[in-house]
Amino acid sequence: MLLFNNFFYLIFLVVALVGYFVTPKKYRWITLLCFSMIFYISFSYKFFFFIISTIVTIYLATLYFDRVNGRQKRLLDEYGQNLDSDSKKQLKKHSKRKKKAVFILVILFNIGVLFVLKYLNFLGGMMNDILGWFNVHNAIPHFSLILPLGISFYTFQALGYLIDCYWGKVNPQKNFFKFSLFISFFPQIVQGPISRYEQIGEALVEGGSFDYKKVTKGFQLIVWGLFKKMVIADLFANFVANVFNSYAQANAIVVIIGIVAYLIQDYADFSGCIDIARGSAECFGINLPQNFERPYFSLSIAEYWRRWHMTLGTWFKDYIFYPISVSKFSLKLGKFSKKIFGNFGKNIPAILGLLVTWLATGLWHGASWNYIVWG
């Protein structure tokens, strides 16, 4: 198991770097893919099926989008002059309908897998609690399910790519193995950051040259991340656990100190791992997106959330908040609400988008009521 704060990870990284740079530049992405798969399987071979199912379904769906778009373009080029505007609209509508069916199916499959593995037992427990009010006990069994490493991160990264291809913002990667590398790149698969294809897709496959400055900068980031993770976060972890486990017996000062210590521990733990991930990628010449920008120095709550787990926030903003806020349903709801509530009514679509976005954010963080209510 190659955890970031494990000495064997550093050995693995050095071996991967040597293997990467001794490989001819044209084939370096293959070496990187092999090491990424080795890294993932080192946690458990059982996880492999789940990430492969995501890669295959997303890859085939985006190829299908490209095929439908190509067919539409050929027909318009060949018969466009003989078609009236209504016929062209029907052709485009037919193509969009075909893509939409596959798009929805693939999203439901991947979100469904994530939901079953992460939330099924929580939902079953909730239903058992409700049935318990009617003296029906343990009607729904508890399932022994595995939760694959990084499934939330690689699922969201893959779905972001799927949506971008569906919207026509990104051209699909037609090489299956190159696309596999984008999803499975080992530095970011454990805890992110969640990257977009346009950010790292080309850099992963073009094969970077050895750059001493980038390698040293990468290892500096790794050392800084290890310091935050193993010195700061781990130092505070025991104290925080003791306070939280016995808060009823502790005095108020100790509880307040425990809460502040948890804020430091949580930030140092998560951002430390992100630094290790970004530093590891930097050694290969790949720039992963920034995920934290000194969030505790923010001047407002809104600014804080823009600077904390930045890639997740932008993912929810681009793929949940905006699509909901500007959907046909929301626009109709806004017009209807304006008639009833006046100018305030035009804010209803944005409010709806925010509620759904933050509910999803809560669910992302964990399958329990405190996360749902917090969201």
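Counting of residues starts from 1 at the beginning of each chain's written sequence and follows it residue by residue. Per-residue local features are limited, in this predicted model, to residues with pLDDT of at least 70; the limit for side-chain atom pairs, both in listing and counting, is 80 or more; totals at the level of whole chains, interfaces and linings are taken over all residues. Each side-chain value is worked out from all heavy atoms of the structure, with water and hydrogens disregarded.

S.K.: When you look at the layout of surface pockets in this model, what are you seeing that I'm missing?
M.R.: With a probe scaled to a water molecule rolled over the atoms, the places where space remains empty come into view. Approximately 1,200 Å³ is the volume attributed to the largest pocket. Examining the composition of the lining of the largest pocket, we find that 13 residues originate from one element, helix α4 (residues 85–132), more than from any other. Its residues placed into classes, the lining of the largest pocket shows 24 nonpolar, two polar and seven charged. The definitions used throughout rest on a 1 Å grid laid over the protein atoms alone, on which a cavity is an enclosed set of points accommodating a 1.4 Å probe that cannot get out and a pocket is an open set flanked by protein within 12 Å on both sides along at least five of seven lines; lining residues are those having an atom within 4 Å of a point. Taken together, 25 residues form the lining of the second largest pocket, with Tyr262, Asp266, Trp308, His365 and Tyr371 sitting closest to its centre. In DSSP terms, a helix is any run of H or I states spanning at least four residues, a strand is any run of E spanning at least two, and both are numbered starting from the N terminus. At the level of elements, α5 (151–167), α9 (252–283), α10 (301–307), α13 (348–365) and α14 (369–374) are the ones that each hand at least two residues to the lining of the second largest pocket. Examining the composition of the lining of the second largest pocket, we find that five residues originate from one element, α9, more than from any other. Think of it as three bins: nonpolar holds Ala, Val, Leu, Ile, Met, Phe, Trp, Tyr, Cys and Pro, charged holds Asp, Glu, Lys and Arg, and polar takes everything else, Gly as well. Looking at side-chain class alone, the lining of the second largest pocket contains 16 nonpolar, six polar and three charged residues. Grid points are joined across faces, edges and corners, and a volume is the space filled by probe spheres set on the points.

S.K.: What is the right way to look at unusual backbone geometry in this model?
M.R.: What is expected of a backbone is that most residues other than glycine have negative phi and most peptide bonds are trans. Going from Gly192 to Pro193, the amide bond is cis rather than trans, its omega being 5°. Tracing the backbone shows Pro193 in the loop between α6 (176–184) and α7 (197–206). At Arg294, a residue that is not glycine, the phi angle is positive and equals roughly 45°. Counting through the fold element by element, Arg294 comes out in the loop between α9 and α10. A positive phi angle is found at His309, which is not glycine, with a value near 45°. The topology assignment puts His309 in the loop between α10 and α11 (310–325).

S.K.: Is there a simple way to think about empty space enclosed by the protein in this case?
M.R.: Counted under the stated rule, the structure contains two cavities of 30 Å³ or more. The volume enclosed by the largest cavity comes to roughly 50 Å³. Phe153, Tyr154, Gln157, Ile183, Gln188, Ile189, Pro193 and Ile194 together form the lining of the largest cavity. Counting residues per element, the lining of the largest cavity draws most heavily on α5, at three residues. When its residues are assigned to classes, the lining of the largest cavity shows six nonpolar, two polar and no charged.

S.K.: Explanation requested: the nonpolar core in the structure shown.
M.R.: The tendency in soluble globular proteins is for nonpolar side chains to be buried as a group. One finds Leu32, Phe39, Phe186, Leu204 and Phe284 to be the most contacted residues of the largest nonpolar core, which totals 71 residues. Two residues form a contact once any of their heavy atoms are found within 4.5 Å. With residues near it in sequence (within four places) discarded, Leu204 still touches Trp29, Leu32, Leu181, Phe182, Phe185 and Ile286. We call a set of buried residues a nonpolar core when its members are Ala, Val, Leu, Ile, Met, Phe, Trp, Tyr or Cys and they connect through side-chain atoms within 4.5 Å of each other. Partly exposed residues are those whose accessible area sits between 20% and 50% of the maximum for their type, while under 20% is buried and over 50% is exposed, using a 1.4 Å probe and protein chains only. Tyr267, Phe270, Phe292 and Trp308 belong to the second largest nonpolar core, which has six residues in total.

S.K.: Teacher, can you tell me more about the pattern of salt bridges here?
M.R.: Pairs can form between side chains of opposite charge once their charged atoms are near each other. Counted as salt bridges are all cases of a side-chain nitrogen of Lys or Arg within 4 Å of a carboxyl oxygen of Asp or Glu. Counted by the stated rule, this structure contains seven salt bridges. A salt bridge links Asp164 to Lys169; its shortest N-O distance comes to 3.9 Å. Here Lys228 and Asp275 are joined by a salt bridge, their closest N and O atoms 2.7 Å apart. Placement of the pair is Lys228 in helix α8 (residues 212–245) and Asp275 in helix α9, with a sequence separation of 47 residues. Because the salt bridges share partners, they merge into one network encompassing Lys229, Asp234 and Asp269.

S.K.: What is the right way to read α7 from this model?
M.R.: Because each turn of an α-helix spans 3.6 residues, side chains separated by three or four positions end up pointing in the same direction. Those residues of α7 lying buried are Tyr197, Ile200, Gly201, Leu204 and Val205. End-on, the buried residues of α7 take up no more than an arc of 120°, which puts them together on one face. Exposed and facing more than 90 degrees away from the buried side of α7 are Glu202 and Glu206. Those residues of α7 that are buried are in contact with α2 (28–41), α5 and α6. Taken from the helix axis, the directions to the C-beta atoms give the arc we talk about.

S.K.: It is not clear to me how the environment of Pro295 should be interpreted in this structure. Could you clarify?
M.R.: Among the secondary structure elements, Pro295 is positioned in the loop between α9 and α10. Separated by 15 residues in the primary sequence, Pro295 and Met310 place their C-alpha atoms 9.8 Å from one another. Excluding residues that lie within four positions of it along the chain, Pro295 makes contacts with Tyr267, Tyr304, Arg307 and Trp308.

S.K.: Would you mind going over the packing of aromatic side chains with me for this structure?
M.R.: To pair, rings of Phe, Tyr and Trp, with the six-membered ring standing in for Trp, must have centres within 6.5 Å; the planes then decide the type, stacked if under 30 degrees apart, edge-to-face if over 60, and tilted in the middle. This model, assessed by the stated rule, comprises 51 aromatic pairs. Measuring from centroid to centroid gives 5.1 Å for Tyr20 and Phe284, while their planes differ by 90°, and the two rings are edge-to-face. With Tyr20 in helix α1 (residues 7–22) and Phe284 in the loop between α9 and α10, this residue pair connects regions lying 264 residues apart in the sequence. Note on accessibility: Tyr20 and Phe284 belong to one class, buried. Aromatic side chains Phe244 and Tyr262 sit 5.7 Å apart centroid to centroid with 40° between the ring planes, which places their arrangement in the tilted category. Of this pair, Phe244 sits in helix α8 while Tyr262 sits in helix α9, and the two are 18 residues apart along the sequence. The partly exposed category is assigned to Tyr262, whose relative accessible area is 35%. Taken together, the ring pairs connect Tyr9, Phe12, Tyr20, Phe21, Phe35, Phe39, Phe43, Phe185, Phe186, Phe210 and Phe284 into an aromatic cluster.

S.K.: Any chance you could explain a nonpolar patch on the surface here in plain terms?
M.R.: Patch building starts from residues that exceed 30% relative accessible area and form no salt bridge, then joins like charges within 9 Å and nonpolar side chains (Val, Leu, Ile, Met, Phe, Trp, Tyr) within 5 Å. Per-residue and other accessible areas were derived by the Shrake-Rupley procedure at a 1.4 Å probe size, with only the shown protein chains allowed to occlude residues. Nonpolar side chains collect at one region of the surface, where Phe115, Val116, Leu123, Met127, Ile130, Trp133, Phe134, Val136, Ile140, Phe143 and Leu145 lie side by side and expose about 970 Å² of accessible area between them. Inspection of the secondary structure puts Leu123 in helix α4.

S.K.: Whenever I open this one, the packing of α2 against helix α3 (residues 48–79) confuses me. Can you help?
M.R.: When two helices pack together, their arrangement is captured by the angle between the axes and the distance separating the axes. Angles shown run from 0 to 180 degrees and are taken between the N-to-C directions of axes, each axis being a line fitted to C-alpha atoms and, for helices, limited to the stretch in contact. Running from N to C, α2 and α3 point in directions that differ by 135°, and their axes come no closer than 10 Å. With respect to each other, α2 and α3 are oriented oblique. Residue-level inspection shows Met37, Tyr40 and Ile41 of α2 in contact with α3, the latter providing Phe48, Ile51 and Ile55. A breakdown of the residues in the contact of α2 with α3 according to their chemical character gives six nonpolar, no polar and no charged. For classification, angles of less than 35 degrees are called roughly parallel, those exceeding 145 degrees roughly antiparallel, those between 65 and 115 degrees roughly perpendicular, and all remaining angles oblique.

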